Amino acid sequence: IKVEPTRFTLRANNAMRVKYTINVPPEGRGGRYCAVFFEVAAPYMEKGGFQSRSRVRLGSILAVTVKGADAYKAQLKSLKMNVGKENLTASFVVRNPGNILIRPKGEFAVMDKDGAVIAKKDANPANGGVLPSTSRSFSAEWKRDELNLEKGKDYVLQVTLDYGGESLLGGQAQVKLTDG
């Protein structure tokens, strides 16, 4: 990656265009990721005999997917519902065995034993990504009283995800509501 210009001074309330040039080697495959940081060189401040200097860094994340890269891949590693006294928390872990950043989109559904949907929540509202060869956890929470679930009954937690691959990824887990 080449950044131009590499050094510059920017006055208050001004803007400047910074150019990024990314050269991918011919043998390059998959995704390439980096961060470019800009740092403020703040002046020294003196007050009451003390000197201080603040440093502020602003980062810009760059992600490039190379043509001819491997297919998008994802594995659902866990799916569970934690039942607390006041809240129910649904969570899952996705592993990315591929070489391209994935951003799973989808939803959690809480269903009764007959498959009737009681409640739904976005599984990744912040559009979080999973880098290649890593795993990441996602979760959603409901107030226990907003679902009106009966203690001692069986329910199903389901997650359905579109990670960019040829098919959807999904799973189900049995949940029994206890006194908490």
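Residues numbered from 1 in each chain as written. Predicted model: local features only at pLDDT ≥ 70, side-chain atom pairs only at ≥ 80, totals over all residues. Heavy atoms only, no water.

> Tell me about the overall build of the protein, and name the residues and values.
Broken down by element type, the protein carries one helix and 13 strands. Along the chain direction, N to C, the helices and strands of the protein fall in the order β-β-β-β-β-β-β-β-β-β-β-α-β-β. Expected size for 180 residues packed as a compact globule is a radius of gyration near 16 Å; at 23 Å, the protein overshoots this value by more than 25%. Expressed as lengths along the three principal axes of its C-alpha atoms, the size of the protein is roughly 65 × 60 × 25 Å. Sequence-distant contacts in the protein: of pairs separated by 6 or more residues, those separated by 24 or more amount to 58%. Carbon and sulfur atoms make up 48% of the accessible area of the protein, which amounts to about 12,400 Å² in all. Treating the 28 positive side-chain charges of the protein as one cloud and the 18 negative ones as another, the clouds have centres 10 Å apart. (Helix = DSSP H or I, 4+ residues; strand = E, 2+ residues; numbered from the N terminus. Rg over C-alpha atoms; globule rule 2.2 N^0.38 Å. Contact = heavy atoms within 4.5 Å. Areas by Shrake-Rupley, 256 points an atom, 1.4 Å probe, with all protein chains shown as cover. Lys, Arg positive; Asp, Glu negative; His and termini not counted. Charge placed at Lys NZ, Arg CZ, Asp CG, Glu CD.)

> Hey, could you go over the pairing of strand 12 (residues 154–162) for me, with residue numbers and the actual values?
Sheet topology note: the strand 9 (residues 105–112)/strand 12 ladder contains eight bridges and is antiparallel. Following the sheet pairing, Lys105 is matched in strand 12 by Asp162. Pairing of strand 12 with strand 13 (residues 169–176) involves eight bridges; the strand directions are antiparallel. If you follow Thr160 over to strand 13, its bridge partner there is Gly170. (Pairing = 2+ DSSP bridges.)

> If you had to explain the pairing of strand 7 (residues 75–83) to someone new, which residues and values would you point to?
Looking at chain direction, strand 7 and strand 8 (residues 87–96) are connected through eight bridges and run antiparallel. Across the sheet, Gln75 pairs through a bridge with Arg95, a residue of strand 8. Hairpin geometry of strand 7 and strand 8 is characterised by an intervening segment of three residues between the two adjacent antiparallel strands.

> Requested: an account of the sheet that holds strand 8, with residues and values cited.
The antiparallel open sheet is built from three strands, whose spatial order is 7-8-11. A single partner strand is all that each edge strand has here, and the edge strands are strand 7 and strand 11 (134–143). Within this sheet the neighbouring strands show an average axis-to-axis angle of 15°, counted without direction. Strand direction decides the pairing type here: strand 8 and strand 11, joined by 10 bridges, are antiparallel. Looking at the pairing, Val93 lines up with Ser137 of strand 11. (Axes fitted to C-alpha atoms, helices over the stretch in contact; angles between N-to-C directions.)

> Any chance you could break down the layout of surface pockets for me, citing the residues and the numbers?
Rolled over the atoms, a probe with the dimensions of a water molecule shows which regions are left empty. Of the volumes computed, that of the largest pocket is approximately 560 Å³. Lining the largest pocket are 18 residues, and of these Phe8, Leu10, Phe38, Glu39 and Val40 lie nearest its centre. Per-element tally for the lining of the largest pocket: the top contributor is strand 3 (residues 31–41), with six residues. Considered class by class, the residues forming the lining of the largest pocket number 13 nonpolar, two polar and three charged. (1 Å grid on protein atoms, 1.4 Å probe; cavity = no way out; pocket = protein on both sides within 12 Å on 5 of 7 lines; lining within 4 Å. Points joined across faces, edges and corners; volume = space filled by probe spheres on them. Nonpolar A, V, L, I, M, F, W, Y, C, P; charged D, E, K, R; others polar.)

> Any chance you could break down the environment of Lys77 for me, citing the residues and the numbers?
Mapping Lys77 onto the fold places it in strand 7. Ignoring any residue separated from it by four or fewer positions in sequence, one finds Lys77 in contact with Val93 and Arg95.

> Can you lay out the packing of aromatic side chains for me, pointing to particular residues and giving the numbers?
Under the definition given, this model contains three aromatic pairs. Where Phe92 meets Phe138, the ring centres are 5.2 Å apart and the plane angle is 20°; that geometry is what we call stacked. Of this pair, Phe92 sits in strand 8 while Phe138 sits in strand 11, and the two are 46 residues apart along the sequence. Assigned by exposure class, Phe92 and Phe138 land together as buried. (Phe/Tyr/Trp six-rings, centres within 6.5 Å; stacked < 30°, edge-to-face > 60°. Buried < 20%, exposed > 50% of the residue type's maximum accessible area, 1.4 Å probe, protein only.)

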